[in-house]
Amino acid sequence: MDIPGRCHSKPEKQSYLISETNYFSSKYYDLIGNSPDIGTITKWTQNRRQDILIARIISRMIVTPALLNRFNLDSNPFCNICNETNDLLHILLRCRKYSTSRLHLWQNLNIDENNITFKAFI
């Protein structure tokens, strides 16, 4: 089990292990799988704002019309272009509005766009 270098004391290490154990036995582990920790994420990003954005994508907490509708803050959870539920999965993987950008990304990452899932994307 990998304990980040920032855990120096025994209580910190114990707290980390308890959190990790709770995550692996939660419904979120089934949804998200093994997600990178913030120490790994910061190596990919340029600044704190990007760190936050990636963490929100991984946790599926990007504000979308579908999420706002779930909390009764928006009356239309559907994409105006595709007429599908406008959630994070739709925006990242299916929406026609972003198809050109997505195609370039998949080509740069050597990803077969027909076999991509949210777990694979993360």
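Residues numbered from 1 in each chain as written. Predicted model: local features only at pLDDT ≥ 70, side-chain atom pairs only at ≥ 80, totals over all residues. Heavy atoms only, no water.

### Digging into the overall build of the chain
Cut-off, in case you're wondering: Secondary structure elements are taken from DSSP: a helix is a run of H or I of four residues or more, a strand is a run of E of two residues or more, and numbering for both begins at the N terminus. When accessible area is computed with a 1.4 Å probe and restricted to protein chains, residues below 20% of their type maximum are described as buried, those above 50% as exposed, and intermediate ones as partly exposed. Pairs of residues are marked as contacts when any of their non-hydrogen atoms sit within 4.5 Å. Computed by Shrake-Rupley with a 1.4 Å probe, the accessible areas treat only the displayed protein chains as cover when residues are assessed.
The number of helices and strands found in the chain is eight helices and zero strands. Helices and strands in the chain line up, N terminus first, as α-α-α-α-α-α-α-α. By the burial criterion, 24% of the 122 residues in the chain qualify as buried. Restricting the contact set of the chain to residue pairs at least 6 apart, pairs at least 24 apart contribute 29%. Looking at the chain as shown, the accessible area adds up to about 9,100 Å², and 52% of this sits on carbon and sulfur atoms.

### Structural notes on the pattern of salt bridges
Side chains that carry opposite charge are capable of pairing whenever their charged atoms lie near each other. Inclusion rule: By convention in these notes, a salt bridge is any Lys or Arg side-chain nitrogen within 4 Å of a carboxyl oxygen on Asp or Glu.
In total, this model carries one salt bridge according to the counting rule given. A salt bridge links Arg 94 to Glu 84, with the nearest nitrogen and oxygen atoms 3.4 Å apart. Here Glu 84 lies in the loop between helix 5 (65–70) and helix 6 (88–94) and Arg 94 lies in helix 6, a separation of 10 residues in the sequence.

### Thoughts on the side chain of Asn 86
In this structure, Asn 86 sits in the loop between helix 5 and helix 6. When residues no more than four places from it in sequence are discounted, the contact partners of Asn 86 are Thr 64, Pro 65, Ala 66, Pro 77, Phe 78, Cys 79 and Ile 91.

### Describing unusual backbone geometry
Even without being glycine, Asn 72 reaches a positive phi, approximately 60 degrees. With respect to the secondary-structure elements, Asn 72 resides in the loop between helix 5 and helix 6. The exposure class assigned to Asn 72 is exposed, which follows from its relative accessible area of 72%. The backbone of Asn 83 shows a phi angle near 60 degrees, a positive value even though the residue is not glycine.

### A few points about the side chain of Arg 102
Heads up, the condition is: Whenever two N or O atoms come within 3.5 Å, that pair is a polar contact, provided that in protein one can donate a hydrogen and the other can accept it, and provided that, for residues adjacent in sequence, both atoms are side-chain atoms.
By the element assignment, Arg 102 lies in helix 7 (residues 99–109). Side-chain polar atoms of Arg 102 contact the backbone oxygen of Ile 91, separated by 3.3 Å. There is a polar contact of 3.5 Å between the side chain of Arg 102 and the backbone oxygen of Leu 92. What Arg 102 contacts, discounting residues up to four positions off in sequence, is Ile 91, Leu 92, Leu 93, Arg 94, Cys 95 and Arg 96.

### With respect to the state of the cysteines
Note the following rule: Only a pair of cysteine sulfur atoms within 2.5 Å qualifies as a disulfide here.
Summed over the entire model, instances satisfying the criterion amount to zero disulfides. Take Cys 79: it sits in no disulfide, and the sulfur closest to it among the cysteines is that of Cys 95, at 3.8 Å.

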